[in-house]
Amino acid sequence: MKMLTNRKISVEVYNEWDPLEEVIVGSAKHAQLPYFDHGMNAIEPNTRHIIESTDDRRYPAKVIEETEEDLARFIEILDRLGITVRRPKSIDFPGLVRTPFWESEYYFQYCPRDVLLAIGDTVIESPNPFRSRYFESMAYRDIIVGYLKHGSRWLSAPKPSLRDELYETSNPEQPTLREIEPAFDAANVLRLGRDILYLVSSTGNELGAQWLQSTLGPEYRVHPCRDLYCGSHIDTTLAPIRPGLVLINPERVNKDNLPAPLRGWEVIVAPEMEVVHYSNLAPSASIWLGINLLMLSPNLAVVDADQARLIRLLERHRVEVIPLRLRHGRTLGGGFHCVTLDVRRRGKLESYCD
């Protein structure tokens, strides 16, 4: 892993594709199945059979070991390309997560993309709606403090109370969050320069978009994406490749609901995904985790090695692919975009959607 010496630690990132210089990569160590509390039941009711299928909360040792092997291989490739990699502190949180209003259990530190959002020179701790992830950003605290000491900005969204009334449960087919307080996963956000896509869904409410716009100010335009996908996160639904080119999930996106900032872009329709599932555990992510790719530059992507059709499609659009595996990505619920947080890319703030 590339070590920092006298190089100034800083955050500067404006989109999903400029040449990558520094990234945080998560860890599967100490990961356990989340507690099926009221919030989890409301956000992801279909995971009950997974979470309640075993008395042992820890993921099997083989899942953790093989995931760490796959992440090490990924980091080795990044290091060869001269990209600085940072890792979270491995914290084995004991016991329950408690607030005055509820209790839950700690989940993991596998997906920094969910709890941290980097835009411009700022790292934002998101107001995550999962109770089991309430303190997850603590695993990244030393990294963020380092960025702060070297001139970057650090903000934390108002910590949500996550009381039962936040979660709308009347329609299990349309999970959502009520407009009681801002709540969103950072993975509900995609950066397109001055335009920010924000998924309104079970993991992001309208107040979250409003808070983000008020925080980022007039330099940015936050676009709430409604009627796109009601489930978790936006990065298995849309994948910006480079300015003017976006990959879409055809089960969720069509010409009628394509977000307005992308309507002048060329659209690549993702092919049928290969069904990848290595673990004996039921998957916690759909087959569309296959489009959860990470752009290292406008013409270079890290893509799931099993998605041969997608790789050929990207290559036809002049995108070179580094095929790698995360064997238990669907078990743990995170692909290459999920398990990373790009904090510095070589580029400047521009508008790509005018």
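A brief report on the enclosed structure follows. On a predicted model such as this, the values are computed, not experimentally measured, just so you know.

1. Focus on the sheet that holds strand 11 (residues 195-199)
Part 1 of the reasoning: What the three strands build is an open sheet, ordered 10-11-12; its pairing is mixed. Single-partner strands in this sheet number two, and they are strand 10 (189-192) and strand 12 (221-225). Here the average twist between neighbouring strands, direction ignored, is 20°.
Part 2 of the reasoning: Across five bridges, strand 11 lies against strand 12 in parallel orientation. Opposite Asp-195, over in strand 12, you have Arg-221 as the bridge partner.
Part 3 of the reasoning: Strand contacts of helix 6 (residues 206-216): strand 10, strand 11 and strand 12, with the helix running at about 170° to strand 12, the strand carrying the most contacts.

2. Quick word on the pattern of salt bridges
Part 1 of the reasoning: Scanning the entire structure with this criterion turns up 26 salt bridges.
Part 2 of the reasoning: For the salt bridge of Glu-22 with Arg-86, the shortest nitrogen-to-oxygen distance reads 3.9 Å. Highlighted residues: Glu-22 in strand 1 (residues 20-25) and Arg-86 in strand 2 (residues 84-86), separated in sequence by 64 residues.
Part 3 of the reasoning: A cluster of three or more residues bridged by salt bridges with shared partners is formed by Glu-16, Arg-113, Arg-191, Asp-342 and Arg-345.

3. Some points on the side chain of His-337
Part 1 of the reasoning: Positionally, His-337 belongs in the loop between helix 8 (329-332) and strand 19 (340-345).
Part 2 of the reasoning: We classify His-337 as buried; its relative accessible area is 6%.
Part 3 of the reasoning: Engagement of the side chain of His-337 in a polar contact is seen with the side chain of Glu-16, the distance being 2.9 Å.
Part 4 of the reasoning: Ignoring any residue separated from it by four or fewer positions in sequence, one finds His-337 in contact with Glu-16, Arg-113, Leu-190, Asp-235, Asn-292, Leu-293 and Leu-294.

4. Quick word on the sheet that holds strand 15 (residues 266-269)
Part 1 of the reasoning: Spatial strand order, 13-14-15: three strands in an open sheet with mixed pairing. Sheet topology places strand 13 (238-242) and strand 15 at the edges, where each strand pairs with a single neighbour. Neighbour-to-neighbour, the strand axes of this sheet turn through a mean angle of 25°, independent of strand direction.
Part 2 of the reasoning: Taken together, the four bridges between strand 14 (residues 245-248) and strand 15 define a ladder with parallel strand orientation. Each residue of the ladder has a partner; that of Ile-248, found in strand 15, is Val-269.

5. A few points about the pairing of strand 6 (residues 122-125)
Part 1 of the reasoning: Burial along strand 6 is two-sided: the face carrying Thr-122 and Ile-124 and the face carrying Val-123 and Glu-125 are both buried.
Part 2 of the reasoning: Relative to strand 6, strand 5 (residues 116-119) runs antiparallel, the two sharing four bridges. Each residue of the ladder has a partner; that of Ala-118, found in strand 6, is Val-123.
Part 3 of the reasoning: Hairpin geometry of strand 5 and strand 6 is characterised by an intervening segment of two residues between the two adjacent antiparallel strands and by a positive phi of about 65° at Gly-120.
Part 4 of the reasoning: With four bridges joining them, strand 6 and strand 7 (residues 153-156) adopt parallel strand pairing. Note that in strand 7 the partner of Thr-122 across the bridge is Arg-153.
Part 5 of the reasoning: The β-α-β motif built from strand 6, the intervening helix 5 (residues 141-149) and the parallel element strand 7 has right-handed crossover chirality.

6. Remarks on the packing of aromatic side chains
Part 1 of the reasoning: Tallied over the full model, the rule gives nine aromatic pairs.
Part 2 of the reasoning: A centroid spacing of 6.0 Å and a plane angle of 65° characterise the contact between Trp-17 and Trp-265, whose relative ring orientation is edge-to-face. Taken together, the positions of Trp-17 in the segment before strand 1 and Trp-265 in the loop between strand 14 and strand 15 put the pair 248 residues apart, joining distant regions of the chain.
Part 3 of the reasoning: Taking the relative accessible area as the measure of exposure, Trp-265 reaches 9% and is therefore buried.

7. Points about helix 6
Part 1 of the reasoning: Among the residues of helix 6, Gly-208, Ala-209, Trp-211, Leu-212 and Leu-216 are the ones counted as buried. Taken end-on, helix 6 shows its buried residues confined to a sector of 160°, consistent with a single buried face. Turned more than 90 degrees off the buried face of helix 6, the exposed positions are Gln-210 and Ser-214.
Part 2 of the reasoning: Buried residues along helix 6 sit in contact with strand 5, strand 6, strand 7, strand 10, strand 11 and strand 12.

8. Looking at the side chain of Gln-32
Part 1 of the reasoning: Along the chain, the position of Gln-32 falls in the loop between strand 1 and helix 1 (38-43).
Part 2 of the reasoning: One polar contact links the side chain of Gln-32 to the main-chain carbonyl oxygen of Tyr-106, over a distance of 2.6 Å.
Part 3 of the reasoning: Ignoring sequence-local partners within four residues, the contact set of Gln-32 consists of Arg-57, Arg-58, Tyr-59, Glu-105, Tyr-106 and Tyr-107.

9. Looking at the nonpolar core
Part 1 of the reasoning: Among the nonpolar cores identified, the biggest contains 36 residues, and Leu-238 and Leu-247 are the most heavily contacted of them.
Part 2 of the reasoning: For this core, the elements supplying multiple residues, two or more each, are strand 10, strand 11, strand 13, strand 14, strand 17 (300-304) and helix 7 (308-316).
Part 3 of the reasoning: Other than its neighbours up to four places away in sequence, Leu-247 contacts Thr-237, Leu-238, Ala-239, Ile-241, Ile-268, Val-269, Ala-270, Ile-291, Leu-293 and Leu-310.
Part 4 of the reasoning: Residues Ile-83, Val-85, Tyr-107 and Ile-322 belong to the second largest nonpolar core, which totals 34 residues.

10. As for the pairing of strand 10
Part 1 of the reasoning: What you see with strand 10 is no split at all: Val-189 and Arg-191 on one side and Leu-190 and Leu-192 on the other are buried throughout.
Part 2 of the reasoning: As judged from the four bridges shared by strand 10 and strand 11, these two strands associate in the antiparallel manner. Its bridge partner being in strand 11, Leu-190 is matched across the sheet by Leu-197.
Part 3 of the reasoning: Linkage of strand 10 to strand 11, two consecutive antiparallel strands, is achieved through a turn of two residues, within which Gly-193 is found at a positive phi near 70°.

The rules we used
By convention here, each chain's residues receive numbers from 1 onward along its written sequence. In keeping with the predicted nature of the model, local features appear solely for residues at pLDDT of at least 70, side-chain atom pairs appear and are counted solely at 80 or more, and the whole-chain, interface and lining totals rest on all residues. Hydrogens and water molecules were not included; the side-chain quantities draw on all heavy atoms of the structure. Note: two strands are recorded as paired if DSSP finds a minimum of 2 bridges between them. A helix here means a DSSP run of H or I that spans at least four residues, while a strand means a run of E at least two residues long, and both kinds are numbered starting from the N terminus. Lines are fitted to the C-alpha atoms to define the axes, a helix being fitted only along its stretch in contact, and any angle between axes, read from their N-to-C directions, falls within 0 to 180 degrees. Note on definitions: a residue-residue contact is assigned when non-hydrogen atoms from the two residues lie within 4.5 Å. Each reported salt bridge corresponds to a side-chain nitrogen of Lys or Arg within 4 Å of a carboxyl oxygen of Asp or Glu. Exposure categories follow from relative accessible area, calculated using a 1.4 Å probe and restricted to protein chains: below 20% of the type maximum is buried, above 50% is exposed, and the middle band is partly exposed. N or O atoms closer than or at 3.5 Å make up a polar contact, with two conditions inside protein: a donor-capable atom paired with an acceptor-capable one, and, for residues adjacent in sequence, both atoms drawn from side chains. Looking down the strands as they point away from the viewer, one classifies a crossover as right-handed if the path from the first strand across the helix to the second runs clockwise. When the centres of two rings from Phe, Tyr and Trp lie within 6.5 Å, Trp using its six-membered ring, the rings pair. Their planes under 30 degrees apart give stacked, over 60 give edge-to-face, and anything left gives tilted. By definition, the arc is the one covered by directions from the helix axis to the C-beta atoms. Definition of nonpolar core: a set of buried residues of the types Ala, Val, Leu, Ile, Met, Phe, Trp, Tyr and Cys, connected through side-chain atoms within 4.5 Å.

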